[in-house]
Amino acid sequence: MLVETSDHLTRVADRLRAARAVTAITGAGVSAASGVPTFRGDGGLWRSFRAADLATPEAFARDPALVWEWYDWRRQTIARCEPNAAHLVLSRWTERPGFTLITQNVDGLHERAGARDVLRFHGSIWNVRCRDACHGSPPSWRDDTVPYPVLPPPCPYCGGIIRPDVVWFGEVIDPRLFARCAAATACDVFLAVGTSAVVFPAAGLVHEAKRRGAFTLEINLERTPASDLLDLSLLGPVEEVLVELDRLVRLPSTACP
Ligand code: BV8
């Protein structure tokens, strides 16, 4: 895999090395090697449900216990997972001035790998909030309880119930967060890493980066609806491709003087 794309990788490494601003958005493919089920791949099903059937306010209103069974199962699964090589490379890249890491993932593995200032586009499975935004409760708080003894978990402030502090389908992205992510599309290189590019508005960020003149590429196991738009599609396991890219970036430049 790496051999046939080595010239592409070298080109990308040269661009990354020379870039003033680099932005990456990650999806579930980055965490697949850690054992976290992706949304639309083989692991995308839970019992007979698709993620999109459960990750909605309507599903939660209809059956909060069922939705919490899914989230509690995911939290238990993720708690047993470790960051993989892709998370570690991206964590190192967040130390570089001008680098912005946006993730659609809610698993927290980028942060556990040490990444700084991760823009969590869809929130975190480890944060919760009162379903009713009760008077005594903060807007969101961290809760690492695994597994929950009772589902749905009660709100400690009002005795109602809590919900995962994630963005469900049909819910809007926090406008301030969205503005920071949109601003980060003004960059020299924009990477879409391990995402099927089907969920909007996250998938629209690469289109915006392209419109603003960034060199745009995806690193994925398969082509996506964004592939034809991008300057380059690197097909391969992201936990291998990013490691090789990182190695090349750290070599002296190969670009002609
Ligand atoms: C919004 C948090 C405005 C929850 C997630 C009708 C009504 C309402 C809205 C819509 C509608 N029609 C369309 C919409 C918009 C909707 C949308 O985009 N729907 C899609 C499905 C058509 N979006 C929204 O609703 C958004 N809000 O639009 O607000 C609005 C409001 C009201 C009405 C209209 C508009 C909010 C969307 C947020 C949903 N929440 N997550 C939770 O996680 O529990 S999305 C969920 O999908 C995850 O966050 C996930 O990250 C994200 C994207 O999926 P991917 O990460 O790409 O994962 P996937 O499995 O799909 O792909 C993985 C890829 O990796 C694959 O390509 C695979 O090949 C590859 N891969 C696997 N292993 C590897 C690999 N690649 C490399 N290496 C490997 N090892």
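Computed from a predicted model, the values in this text were never measured in an experiment.

Undergrad: Looking at this structure, how should I read the overall build of the chain?
TA: A count of helical and extended segments in the chain gives 10 helices and 11 strands. Whereas a compact globule of 257 residues would reach a radius of gyration of roughly 18 Å, the chain reaches 19 Å, a difference of no more than 12%. Along the first, second and third principal axes, the C-alpha set of the chain runs to 65 × 35 × 30 Å. The buried share of the chain, reckoned over its 257 residues, is 51%. Total accessible area on the chain stands at roughly 12100 Å², and carbon and sulfur atoms take up 55% of it. Averaging the locations of the 28 positively and 30 negatively charged side chains of the chain gives two centres separated by 4 Å.

Undergrad: What is the right way to read the sheet that holds strand E6 (residues 123–130) from this model?
TA: Pairing between sheet strands relies on hydrogen bonds along the backbone, with the strands arranged either parallel or antiparallel. With antiparallel pairing, the 3 strands of this open sheet are ordered in space as E7-E6-E8. With one partner strand each, in any of the chains shown, strand E7 (141–142) and strand E8 (162–166) form the two edges of the open sheet. On top of the sheet, helix H5 (residues 64–79) reaches E6 and E8; it is set at about 135 degrees to E6, its chief contact.

Undergrad: Which parts of the structure should I look at to understand the nonpolar core?
TA: Side chains that are nonpolar tend, in soluble globular proteins, to be buried together. Judged by nonpolar contacts, the single largest core of 30 residues is most densely connected at Leu16, Leu191, Leu217, Ile219, Leu242 and Leu245. Considering each element in turn, this core owes the most residues, 6 residues, to helix H10 (residues 238–249). The contacts of Leu191, once residues within four sequence positions are left out, are Leu16, Val22, Thr23, Ala24, Ile25, Leu217 and Ile219. One finds Leu66, Val67, Val106 and Cys130 within the second-largest nonpolar core, a separate group that totals 28 residues.

Criteria and thresholds
Residues numbered from 1 in each chain as written. Predicted model: local features only at pLDDT ≥ 70, side-chain atom pairs only at ≥ 80, totals over all residues. Heavy atoms only, no water. Helix = DSSP H or I, 4+ residues; strand = E, 2+ residues; numbered from the N terminus. Rg over C-alpha atoms; globule rule 2.2 N^0.38 Å. Buried < 20%, exposed > 50% of the residue type's maximum accessible area, 1.4 Å probe, protein only. Areas by Shrake-Rupley, 256 points an atom, 1.4 Å probe, with all protein chains shown as cover. Lys, Arg positive; Asp, Glu negative; His and termini not counted. Charge placed at Lys NZ, Arg CZ, Asp CG, Glu CD. Pairing = 2+ DSSP bridges. Contact = heavy atoms within 4.5 Å. Axes fitted to C-alpha atoms, helices over the stretch in contact; angles between N-to-C directions. Core = buried A, V, L, I, M, F, W, Y, C linked by side-chain atoms within 4.5 Å.

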